[in-house]
Each structure stands twice: as structure tokens, then as C-alpha cells.
Amino acid sequence: MTASPIIQLSEVTKTYHLESGDYTALDQVSLDIAENDFVAIMGPSGSGKSTMMNQLGILDVPTSGSVYIDGKNVAAMSQLERTHMRRDAIGYIFQKFYLIPLLSAYENVEYPLILKFKKRDTTEKAFRLLEAVGIDRSLSAHRPTQLSGGQQQRVAIARALVNEPRIILCDEPTGNLDSRTGFQIMDILCGLHREGKTVILVTHDEQIAAYAKRTIRLVDGRIEGS
Amino acid sequence: MPGDIFFSLAVRSVRLNFLRSMLAAIGIVIGVVAISSMGMLGTNMQLEVKDQLSATANTVVISSDTVRMGPPGFTPSSSSASGVTKTELTKITSVVSGNGTVIPIYETSGEFTINSIAGRGMIFGIDPGDIGKFLKINQTYGNGTTDLGLNEVLVGADIAQNFDLKVGDRIRIGSFSSSSRPELRIAGVLQPRGTVADGISTDNGIVVNSKWYTNQYGGSNEWSQVNVIVNNVDNISAVESAINAKINTNAKTPAVRITDATSQLATETSTLSTVTTFIMAIGGISLLVAAVSIFNVMMMSVSERIQEIGILLSIGTEKGEVRRMFVYEAFILGLLGAGIGGASSAVIGYSVVDAMIGTTAYFFQPASILYVPAAMLIGVVVCVISGVYPAWRASNMDPIDALRNE
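These notes cover the structure that comes with them. (Residues numbered from 1 in each chain as written. Chains lettered and ligands numbered in written order. Predicted model: local features only at pLDDT ≥ 70, side-chain atom pairs only at ≥ 80, totals over all residues.)

### Description of the overall build of chain A
When helices and strands are counted, chain A shows eight helices and 10 strands. Referenced to the eigenvectors of the C-alpha coordinate spread, the extents of chain A come out at roughly 50 × 40 × 40 Å. Out of the 226 residues in chain A, the part that is buried amounts to 44%. (Helix = DSSP H or I, 4+ residues; strand = E, 2+ residues; numbered from the N terminus. Buried ≥ 20, exposed ≤ 12 C-beta atoms within 10 Å, placed from the backbone.)

Next comes the structure, spelled out in C-alpha cells:
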């Protein structure tokens with residue numbers, strides 16, 4: 001373990017106020033994830049996986065406790081700083097791919113670069129990344145709806161990588177794919193881990209979780225065995 | 001802006017829902033057409049009246065409050081003093097001296113017959129030497145002259161047109177029932193004058209030699225009005241007050257009334273501009289309706305794209321960038337509407353002005369044609385304002401909730 005973890009959760013609690021009463025999705029969760037770790041987060045539905053994912057992805061702030069990403073306290077950051085951190089430090093890969101439907105495959109990958117540099121990209125970086133995940137130039141002009149699920153997830157991976165984030169956050173990345181395509185996607189993720197990325201994988205598929213170096217199991221908002 | 005990814009997204013969104021977008025933009029088209037063609041119509045009217053009145057802007061009109069309006073065949077008694085008197089005329093002439101030209105005019109309303117067809121109009125008696133100083137002959141009706149003989153007349157443009165007259169034709173002055181209906185020769189046809197501020201509306205009138213006039217109607221040296229055409233229009237108020245000081249010695253019961261084109265112009269244009277503003281406001285209501293439909297379409301666009309907004313926000317798009325995307329979309333709708341509206345209003349406005357005013361001479365003057373870009377700008381601004389709230393709503397969504405939206 002390196003001295004300072006890239007992600008640190010300390011006694012994170014997330015409570016939702018529902019009409020039926022308060023619901024605690026995460027209950028005093030503490031977790032350190034080191035740089036270049038490959039962690040699978042598992043658990044049945046309702047165990048707090050998604051809530052955990054939102055905390056790790058800076059999409060939400062904890063009710064109590066603190067989340068440190070790259071040494072910075074998420075709760076203390078402004079909304080704009082959190083937006084910039086999502087853009088620069090984290091790559092997101094979703095179960096439903098979540099490509100922008102009005103943009104071509106190429107533009108989807110170019111998009112985070114535009115967000116970061118406020119101008120169109122001329123370095124062909126997006127093309128290189130698309131080729132690296134197996135999308136050639138002719139396919140890159142297509143809109144997401146014209147691509148297969150596996151192709152869409154490859155585009156989404158290229159998009160997640162384009163701003164060179166240190167953390168890759170994957171939410172059921174193979175959930176909408178057949179098993180063969182799923183394993184191809186997992187091979188790409190393993191490659192990223194070998195290149196030095198910190199990969200966090202949320203899944204309920206044991207076979208997929210087996211790719212990770214270690215597995216954290218969530219039950220009722222707590223880490224099992226901790 | 002075309003290189004801006006958010007602008008491209010907005011363009012693609014409009015293209016994706018093209019029919020819906022066009023329907024919403026039609027409201028803007030109608031609003032822009034309404035505002036600009038109404039504005040142009042009013043302005044063209046104003047410009048025409050202004051032009052006609054300012055042709056006589058250098059004229060001071062001095063008239064007596066006693067208006068002579070005799071019945072047909074009526075001969076005013078020469079003993080009753082009415083109109084501007086000889087003494088007053090002398091005073092006016094001495095006051096004006098070298099600063100202008102004094103033209104005394106007799107006038108009455110009367111009947112005339114041309115080829116046994118009766119007509120009615122104003123009859124002006126003017127010294128032949130003065131006629132050419134402010135009235136012009138239209139030579140297309142024959143070789144006319146302002147140098148009237150005793151039994152010659154000049155007829156106005158409308159009469160010449162209505163009776164299909166030419167120089168050398170005959171006209172009888174007086175009604176059918178009248179015992180004496182002297183016949184006069186038409187020596188010329190006057191150019192159209194339109195609305196004038198000097199009181200001499202000749203378009204539906206007849207100009208006769210002042211000697212013939214006093215022989216026929218009497219009232220010698222009792223002029224209906226005296227026009228003073230000043231040489232320098234900047235001196236007009238000085239001339240007016242000098243005449244006023246000389247003649248209207250009793251302030252309570254002034255002997256004569258002194259007016260000029262300025263006051264008449266002010267009244268006419270302010271009336272017209274009030275009317276123009278009013279009809280433009282009615283046109284503006286259609287823009288308000290358009291704003292509602294743009295707002296509606298923008299809200300639809302936002303609610304259909306909640307998940308997309310969630311994607312944008314979660315992967316690091318700033319709120320301002322999301323807002324910009326939707327404001328661009330409203331802006332594009334505005335541009336579409338205003339573009340089509342601007343082109344249509346140039347065409348429609350031209351036809352309306354041509355049909356209602358009869359001339360398009362003023363249409364391309366800046367004051368008139370500028371209504372097109374102005375209305376287009378208003379249309380675009382209305383659209384952008386309508387898009388502000390939907391854009392704000394989109395940018396303030398919670399990315400987690402938005403992503404979950406199917």
C-alpha cells in the first residue's frame with residue numbers, strides 16, 4: 001500500500017429522507033483505495049452499491065463522514081470544482097453506455113476534451129483512442145444508435161479515457177452485453193489497470209468481479225466483514 | 001459559434017424535432033411580419049404627409065376668422081367687411097418687405113360643369129402674376145401656362161383626371177340652376193399637391209384670375225387668406241411675430257389668424273405616430289403568443305432530454321454550458337422565425353404600403369425599412385428570453401436523478 005490512497009472514505013453515511021421515513025443507504029463506510037488498485041464492489045440490489053458509486057464519482061456528497069479524492073475533501077469543494085474534477089480526474093463507464101445521442105462516436109469521445117480545453121480538438125487524440133478500443137474511422141462517424149452495444153461501450157471507454165483520468169469508475173460495464181463481448185470489454189479494463197489506472201468496478205457478476213485484485217462486499221449499506 | 005459543440009447540439013436538436021420547431025417559429029414569423037409591416041405602413045404615411053407639408057413649410061398663412069362660405073351662386077355683399085382687408089394687406093407687405101413674397105388669395109367653394117357633368121370644388125382667385133410663385137403646371141395635359149387671361153382657368157390634378165381634361169377644354173362655373181354660367185377656357189392643369197399646409201388644396205379645385213373672381217363674386221379687396229412665402233425658412237417665426245405685432249394690436253380680439261406648416265405637421269405626425277404605435281402593439285400581442293409557444297417547445301425539449309442532460313452533467317459539463325446549449329436552441333428558433341418573418345415582411349409590407357398609401361416612394365427610406373431588422377431583433381430577443389427559464393431548469397437538474405430518468 002502506498003502512503004496516501006487516491007480515494008479515501010471515512011465513516012461515510014448517506015441518508016435519504018423519504019416520505020416513509022429516513023433510509024440509510026450507506027452506514028459509516030470507511031474504505032481506502034490506493035493508486036493503481038483494481039477493486040470490485042459487489043452486493044445484492046439495495047445494498048448501497050449505487051450510492052457508493054455516486055460518492056466515488058463525486059456526483060453526490062455524504063450526509064456525514066468525508067470523501068477524499070486525490071487528497072481533496074469533496075464536501076468542501078464548490079459545485080464548479082466538483083464538476084471540473086468529474087471532468088478531469090474520473091472516467092465513467094456505465095451499464096447503459098450513456099453516450100450523447102446527438103453526437104457521433106467521434107464527437108462523443110472528443111466531447112470531454114472540448115469541456116476541458118473549451119475548443120475543438122485538432123490532435124486526433126479521439127481517433128487514436130477509438131482505434132485503441134477497436135473502433136475504426138468509418139465507424140466513428142456513426143451516431144450511437146447506429147452502433148451495437150459492444151461498440152457503444154468501446155466508445156464510452158474511449159470517452160472515459162480521453163482526459164487521462166487516474167480513476168476509472170465502471171458501473172456494471174458488461175451488464176447490457178452478451179458474455180463474449182463482456183469479456184472483451186473486461187480485457188480492455190484489465191489493460192487499463194496494467195497501464196497504471198485505478199479501476200473501480202461495481203457488479204453483481206462473480207465472473208466479472210474475478211478480474212479485480214480485491215473485492216469489497218456491501219450488505220445493507222455496510223462493508224461485509226469490516 | 002459554429003465551432004461550438006453546444007451550438008452544434010442545439011442545431012441538431014432543432015433538426016431532430018424540425019416540424020415542432022417550425023410550428024413554434026411560425027408564431028415568431030407572424031409577430032415579426034405584424035410589427036414590421038404595421039410599423040412600415042405608419043411610417044410611410046407619416047413620411048408622405050411630412051413630405052407634402054414640408055413642401056409648403058416656408059409659407060405663413062394669414063386668414064381672418066370670418067370664413068366666407070357662400071351657397072352656390074351666392075354673391076357676398078361688398079359692404080360687409082370680411083376676410084383680410086386692403087389695409088391689413090398693406091401692413092403685411094410692409095412688414096415682410098424683402099423677406100418674402102406676399103400672395104393674397106380669394107377663395108370660395110362652388111359648382112362647375114364640364115361637358116354637362118356637374119362638379120364641386122374650391123375656387124381660388126389669384127393674381128396671374130402670383131400663381132407661378134407656388135403652383136406648378138403639369139405639362140403632360142398640353143402646353144399650359146400660369147399666366148391666366150381673364151376668361152381662363154387652371155384645374156386641379158384630380159378634376160383633370162376625373163373629367164379627362166386637356167388644355168383648351170371648356171369649363172362652366174356655376175350650378176345648372178344659376179342664371180349665369182360663364183364659360184372659361186382651361187389654360188393648364190396643375191400638378192398634384194396632396195395635403196398642404198398653405199390652405200391651397202388645388203387637387204380638387206380651380207384657380208381663376210383674381211379679376212374674374214371679383215367680377216363674378218364681388219368682395220374685392222377682402223381676401224380669404226394671404227400667404228407669405230418666406231425666403232429663408234429659419235426666419236419664419238420672426239416674420240410671423242412681426243406680422244402679429246403689426247396687425248393683431250388688440251390681443252383679446254385678434255384681427256387675423258397666423259399659422260404655418262410646423263404646427264399642422266406636428267399635429268398630423270403625432271396623430272399618425274399614436275395610431276402606428278397602437279397597431280404595432282396589437283402586432284406585439286402575436287409575439288407574446290409566440291413567446292408562449294417557444295417556451296412550451298423549449299420545456300418539451302428539456303423534459304425529453306433529461307437523461308441526456310444527466311449524462312452531460314455527470315461527465316463534467318458545467319451548468320453554464322448546459323444553459324448555453326438550451327439558450328442557443330431558443331436562439332436558433334428565433335433566427336428561423338425572424339429570418340422567414342423578415343423576408344416575408346419585406347414582401348408583405350411592400351404590398352400593404354403600395355395598396356394602402358398608393359406609393360412606395362418612401363418604403364426604402366431608413367425610417368421605414370429599418371422596421372424589418374428591428375422587428376427581427378425583437379423576435380430573436382423574445383425567443384431567447386422564452387428559453388431562459390427552460391435552460392435554467394435543465395442546468396439545475398441533479399445529475400443522479402436525471403441519469404435515472406428513462
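### Structural notes on the interface of chain A and chain B
Taken residue by residue, the interface counts 18 residues in chain A and 15 residues in chain B. Contributions of two or more residues to the side of chain A that touches chain B are made by helix 2 (79–88) and helix 3 (105–117) of chain A. Here the side of chain A that touches chain B takes five residues from helix 2 of chain A, the largest share from any one element. (Contact = placed C-beta atoms within 7 Å.)

### Comments concerning the sheet that holds strand 4 (residues 64–69) of chain A
Residues and elements named next belong to chain A. With respect to topology, four strands assemble into an open sheet ordered 2-1-4-5, the strand pairing being antiparallel. Edge positions in the open sheet fall to strand 2 (21–33) and strand 5 (72–73), since each of these has one partner strand only. With five bridges connecting them, strand 1 (residues 7–18) and strand 4 associate as antiparallel partners. Residue Ile7 lies in a different strand from strand 4, and its bridge partner there is Ile69. Strand contacts of helix 1 (residues 49–56): strand 1, strand 2 and strand 4, with the helix running at about 125 degrees to strand 1, the strand carrying the most contacts. (Pairing = 2+ DSSP bridges. Axes fitted to C-alpha atoms, helices over the stretch in contact; angles between N-to-C directions.)

### As for the nonpolar core
Counting 116 residues, the largest nonpolar core has Ile41(A), Leu130(A), Ala158(A) and Ile200(A) as the members making the most contacts within it. At 12 residues, the largest contribution of residues to this core is made by helix 2 (residues 18–54) of chain B. For Ile200(A), the residues in contact, after removing those within four places along its chain, are Ile33(A), Val39(A), Ile41(A), Leu56(A), Ile167(A), Leu169(A) and Cys170(A). Core analysis: the second largest hydrophobic core is formed by 47 residues, Phe112(B), Val155(B), Ile206(B) and Val256(B) among them. (Core = buried A, V, L, I, M, F, W, Y, C linked by C-beta atoms within 7 Å.)

### Observations regarding helix 6 (residues 210–217) of chain B
Residue and element names in this part refer to chain B. Inspection of helix 6 places Ser210, Tyr213 and Tyr217 among the buried residues, and these make up the whole buried set. Looking down the long axis of helix 6, one finds its buried residues gathered within 55 degrees of arc, a one-sided arrangement. Buried residues in helix 6 make contact with strand 3 (100–114), strand 4 (117–126) and strand 8 (205–209). After helix 6 finishes, the residue Gly218 shows a positive phi value of roughly 75 degrees. (Arc of directions from axis to C-beta.)

### Things to note about the sheet that holds strand 9 (residues 214–219) of chain A
Residues and elements named next belong to chain A. With mixed pairing, the six strands of this open sheet are ordered in space as 6-7-8-3-9-10. With one partner strand each, in any of the chains shown, strand 6 (90–93) and strand 10 (222–223) form the two edges of the open sheet. Summarising the sheet, strand 3 (residues 38–42) and strand 8 (residues 198–202) pair through four bridges and their orientation is parallel. Across the sheet, the residue bridging to Val39 is Ile200, located in strand 8. Its contacts with the sheet place helix 6 (residues 149–161) against strand 6 and strand 7 (167–171), and it is angled at close to 170 degrees to strand 6. Running at roughly 145 degrees to strand 8, helix 7 (residues 179–194) makes contact with strand 3, strand 7 and strand 8 of the sheet.

These values are about where atoms sit, not about what they do.
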